[in-house]
Amino acid sequence: MITKDIQLPVKKNEKGMVANVLEQFNKAADHINLNPNIRRILNVTNNEIIIHFPVKMDNGDVEIFTGYRVQHNNALGPYKGGLRYHETVDIDAAKALAMWMTWKTSLAGLPYGGAKGGIQINPKLYSQSELERITRRFTYALGDNIGPEHDIPAPDVNTNAQTMAWIADTYMSTKGPSERSTYQHVVTGKPVGSGGIEGRDRSTGYGVFLTIKLWAEKRNVNLKGKTFIVQGFGNVGYWASHFMEQEGAILVGVQDAFSSIYKSEGIEVKQLQAYVTNNEGSIKNFANSEAIEKEEFFALACDIIIPAALGNQITEHNAASIKANLIAEGANGPTNVEGEAILLANGIEIIPDILCNSGGVIGSYFEWLQNRNGELWHMDEVILKLEKVLKESFNKVYDYSISEGVDMRTAAFSIAIQRIEKAYIQRGIFP
Ligand code: GLU
C-alpha cells in the first residue's frame, strides 16, 4: 500500500522535455527552411496557466494541488489536448506536450491547435470522491480558459471517461440552464452515455496498431507470428496489444510502473487485462510469466516495441541495447533525440508519436463534431473514418520520408509545420 509520505521515485529528464521537442522542431524547420518569423512564433507557447487550488480531503483536512494548462498554438483552430494526473506533470512537461499536440493535430489535418495540462499528483493516493472533488475544483479554477470553441481537454495518463464526465458536468453547471447543453463538447473522451462517441476508448490503441500494420505493408512484413513488447498497460497499451494479437502478433513482454514481465511463448492480452483490473491496475505478480529487471525490458528479444507510458524512456542510456526493428510510439515523447540517433544509426525505424498515437485526437474530433451537430455516430462509422484519416496521414509521412530522404519524425514534423506556416502566411500577423 502506497502512503502519501512515501512518494514513488520520479525520473526527471536531465535536459528537459521542452529542449527535446524543440530539437525535433528545429531539425524539421531547418529541413523545410521555415520562415524565421514563424519559427519565432512556434518556438514559444501562447499561454501558460498554473493554478494552486485547495480541496477538502475525506478526513476533513485541506490539501493544496497544482494544476497546469499550457496552450501552445491555435493558428489552425481551438487548442486541443489531454489532461494527465501524474507526479511528472510540471510546466516543462506541459509545455512540451502542448507543442507535440500542435504538431499532431496539424499532421492529422484537424481544425485544432495544441494544448496540454494536468495535475501534479499520484492519483493512486486518493479516493474516488477525492479525485472527483480535485477534478471539479480544477475545472472551476480553469474557468473560461477552457471552452468548446477555445480549448478542449481530453483523457491522457491516469485520466479517463469518468474524469471527462466530471469536467463536462462542472463546466456546464457554471452556465445558464438554457445554454448548458451547448457546452457538452468542452471535453472529449466522455462516457458514451454522456455525450461520448463509440470507439473513442480504443481509437488511440487502434491507431497505434493501424500505423504498425501500414508500416508492415510497406515493408512486406507479415505481422502474424511477430513478437512485440509494450511499456504501459493502460488504455493505449491494452488496446494496441489487443489489436496486435488479433492480427496474429505475440505479446512477449509488458512493463508498468511497478513491474516488468516476460514470456517467450506469449502473454494472452485478455487474461492480463482481467488480472490488471483486479490488481489495482498493475501487472505486478501476474502468474504464468517471468519477472525481469526493469533495465532489461527494452533489450528483450522481439520485433516491435510499443512504448505506451511516459516520455523520455528510450534514451542514450538504453537505445543501443534494443533488438527490435520497429518502435511504435504510443506515448508522447518516449524517445529522446539522443536515443533516436542511436536507433536510426542501428537501422531501427520509428513511427513517431505525432503520427502513431494520433488516433486518439482524431477520435476526439469525431466526438466534438457529434456533440456540435447533435448527432450520434456508431462504432463502425467511427472506425472507418479513423482508418481513412490515419491512412492518409501515414502515407503522406511515409512518402515524404522516402522522397526527401529523412526519418519519419522529421517527415511528420515537416508536414505539420508547413500546414501552420501556410496559415500564417495567408493571414499575416495582427495588427
Ligand atoms: N491525450 C491524447 C493525446 O495525447 C488525446 C488528446 C485529445 O484527444 O485531445 O493525443
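Conventions adopted
Every chain begins its residue count from 1, and numbering advances along the sequence as written. Side-chain atom pairs in this predicted model are given and counted only at pLDDT of 80 or more, local residue features only at pLDDT of at least 70, and totals for whole chains, interfaces and linings cover all residues. Note that water and hydrogens are dropped before the side-chain values are worked out from all heavy atoms of the structure. Only runs of H or I of at least four residues qualify as helices and only runs of E of at least two qualify as strands under DSSP, and these elements are numbered from the N terminus. Only the C-alpha atoms count toward the radius of gyration. The rule for a globule is 2.2 Å times the residue count to the power 0.38. Categorising residues by exposure relies on relative accessible area from a 1.4 Å probe, with only protein chains included: less than 20% of the type maximum marks a residue as buried, more than 50% marks it as exposed, and the intermediate range marks it as partly exposed. Residue contacts are defined here by distance: any two heavy atoms, one from each residue, within 4.5 Å place the two residues in contact. Note on areas: Shrake-Rupley, 1.4 Å probe, and residue coverage restricted to the protein chains presented here. Charge assignment in this entry is limited to Lys and Arg as positive and Asp and Glu as negative, and neither His nor the chain termini are counted. A charge is said to be at NZ when it belongs to Lys, at CZ for Arg, at CG for Asp and at CD for Glu. Think of it this way: DSSP has to see at least two bridges between two strands before they count as a pair. Between 30 and 60 degrees the pair is tilted, below 30 it is stacked and above 60 it is edge-to-face, where a pair is any two Phe, Tyr or Trp rings, Trp via its six-membered ring, whose centres lie within 6.5 Å. Counting as a charge over the ring demands two things of the Lys NZ or Arg CZ atom: a distance within 6 Å of the ring centre and an angle within 35 degrees of the ring normal. Geometry is summarised by axes, namely lines fitted to C-alpha atoms with helices restricted to the contacting stretch, and by angles between N-to-C directions that run from 0 to 180 degrees. Here is the rule for angles: anything less than 35 degrees is roughly parallel, anything more than 145 is roughly antiparallel, 65 through 115 is roughly perpendicular, and the remaining ranges are oblique. A crossing counts as left-handed when the near helix is turned anticlockwise from the far one by less than a right angle, and as right-handed when that turn is clockwise. A single heavy atom is enough: if one lies within 4 Å of a molecule or strand, its residue is considered near that molecule or strand. Polar contacts, as counted here, are pairs of nitrogen or oxygen atoms within 3.5 Å of one another; within protein the pair requires one atom able to donate a hydrogen and one able to accept it, and residues that are adjacent in sequence qualify only if both atoms are side-chain atoms. Any residue outside Ala, Val, Leu, Ile, Met, Phe, Trp, Tyr, Cys, Pro, Asp, Glu, Lys and Arg is labelled polar, Gly included; the first ten of those are nonpolar and the last four are charged. The definition of a nonpolar core used throughout is a set of buried Ala, Val, Leu, Ile, Met, Phe, Trp, Tyr and Cys residues joined through side-chain atoms within 4.5 Å.

Visitor: Hey, could you run me through the overall build of the chain in this one?
Guide: When its secondary structure is counted, the chain shows 13 helices and twelve strands. Relative to the 2.2 N^0.38 estimate, which gives 22 Å for 431 residues, the radius of gyration of the chain is 21 Å and therefore close to what a compact globule would have. Expressed along its principal axes, the backbone C-alpha trace of the chain runs to roughly 55 × 55 × 45 Å. When each of the 431 residues of the chain is scored for burial, the buried share is 58%. Pairs at least 24 residues apart make up 70% of the contacts formed inside the chain by residues separated by at least 6 positions. As presented, the chain carries roughly 18000 Å² of accessible surface, and 50% of it is formed by carbon and sulfur atoms. Across the chain, the 42 positively charged side chains and the 49 negatively charged ones have centroids separated by 4 Å.

Visitor: Explanation requested: the sheet that holds strand 8 (residues 260–262) in the structure shown.
Guide: Whenever strands of a sheet pair, they do so through backbone hydrogen bonds, lying parallel or antiparallel. Read from one edge to the other, the open sheet built from seven strands follows the order 9-8-7-6-10-11-12, with strand pairing classed as mixed. Of all strands in the sheet, those with a lone pairing partner are strand 9 (290–291) and strand 12 (349–351), marking the two edges.

Visitor: Sorry if this is basic, but what is going on with the packing of aromatic side chains here?
Guide: The relative placement of two aromatic rings is captured by the distance of their centres and the angle of their planes. One pass over the structure, following the stated rule, counts 20 aromatic pairs. Pairing phenylalanine 53 with phenylalanine 138 gives two aromatic rings, centres 5.5 Å apart and planes at 20°, and the pair type is stacked. Here phenylalanine 53, found in strand 1 (residues 47–56), pairs with phenylalanine 138, found in helix 4 (residues 128–142); they are 85 residues apart in sequence, far enough to count as distant. This pair shows no difference in class: phenylalanine 53 is buried, exactly as phenylalanine 138 is. When the centroid spacing of 4.9 Å and the interplanar angle of 80° are considered together, the rings of tyrosine 206 and phenylalanine 243 count as edge-to-face. Here tyrosine 206 is found in helix 6 (residues 200–218), whereas its partner phenylalanine 243 is found in helix 7 (residues 235–246), with 37 residues between them in sequence. Of the two residues, tyrosine 206 and phenylalanine 243, both sit in the buried class. An aromatic cluster is built from Tyr206, Phe209, Phe233, Tyr238, Trp239 and Phe243, whose rings are joined through pairwise contacts. Its end group placed over the ring of tyrosine 183, lysine 175 keeps NZ or CZ at 5.2 Å from the ring centre.

Visitor: Got a minute to help me understand the packing of helix 6 against helix 12 (residues 379–404) in this structure?
Guide: Each pair of packed helices can be described by the angle between their axes along with the distance between the axes. Orientation of helix 6 relative to helix 12, taken along the N-to-C sense of each, is 45°, at an axis distance of 10 Å. It follows from the interaxial angle that helix 6 and helix 12 lie oblique. Of the two elements, helix 6 crosses helix 12, and the hand of that crossing is right-handed. The residues of helix 12 that touch helix 6, namely those facing Arg202, Ser203, Tyr206, Gly207, Leu210, Thr211, Leu214, Trp215 and Lys218, are Met379, Ile383, Leu386, Glu387, Leu390, Lys391, Phe394, Asn395, Tyr398 and Asp399.

Visitor: Looking at this model, I keep getting lost on the site of the ligand. Mind explaining?
Guide: Close to the ligand lie 14 residues, the nearest being Lys80, Lys104, Pro155, Asp156 and Ser364. Within the side chain of aspartate 156, one N or O atom sits 2.7 Å away from a nitrogen atom of the ligand. In the complex, 94% of the free accessible area of the ligand, which totals 290 Å², lies under the protein chains. Elements represented by at least two residues in the shell around the ligand include exactly strand 3 (79–85), helix 3 (91–107), strand 5 (151–155) and helix 11 (359–373). Here the residues of the shell around the ligand sort into four nonpolar, five polar and five charged.

Visitor: Can you walk me through the nonpolar core in this structure?
Guide: A general feature of soluble globular proteins is that nonpolar side chains tend to end up buried together. Membership of the largest hydrophobic core comes to 89 residues, with the highest contact counts inside it found for Trp103, Ile212 and Ile306. Ranked by residue count, the leading element in this core is helix 13 (residues 408–427), at ten residues. Setting aside anything within four residues of it in sequence, one finds tryptophan 103 in contact with Val21, Phe25, Leu42, His72, Ile354, Phe413, Ala416, Ile417 and Ile420. Membership of the second largest hydrophobic core comes to 26 residues, among which are Met57, Ile134, Phe138 and Tyr171.

Visitor: In this structure, what is going on with the pairing of strand 2 (residues 62–73)? I would like to understand it.
Guide: Residues in a regular strand point their side chains to alternate faces of the sheet. Within strand 2, nine of the twelve residues are buried, which leaves it mostly tucked inside the rest of the structure. Counting the residues in the hairpin turn of strand 1 and strand 2 gives five residues, including glycine 60, whose phi is positive at 95°. Bridge count between strand 2 and strand 4 (residues 114–119): six bridges; the pairing is antiparallel. Counted as the bridge partner of arginine 69 is glycine 117 from strand 4.

Visitor: Can you help me understand the packing of helix 11 against helix 12 in this one?
Guide: Following both chains from N to C, one finds helix 11 and helix 12 inclined at 125°, their axes separated by 10 Å at the closest point. As far as their axial angle goes, helix 12 and helix 11 are oblique. Relative to helix 12, helix 11 is oriented so that their crossing is right-handed. On helix 12, the residues that touch Gly359, Ile362, Gly363 and Phe366 of helix 11 are Val382, Lys385, Leu386, Val389 and Leu390. For the contact of helix 11 with helix 12, a count of residues per class yields six nonpolar, two polar and one charged.

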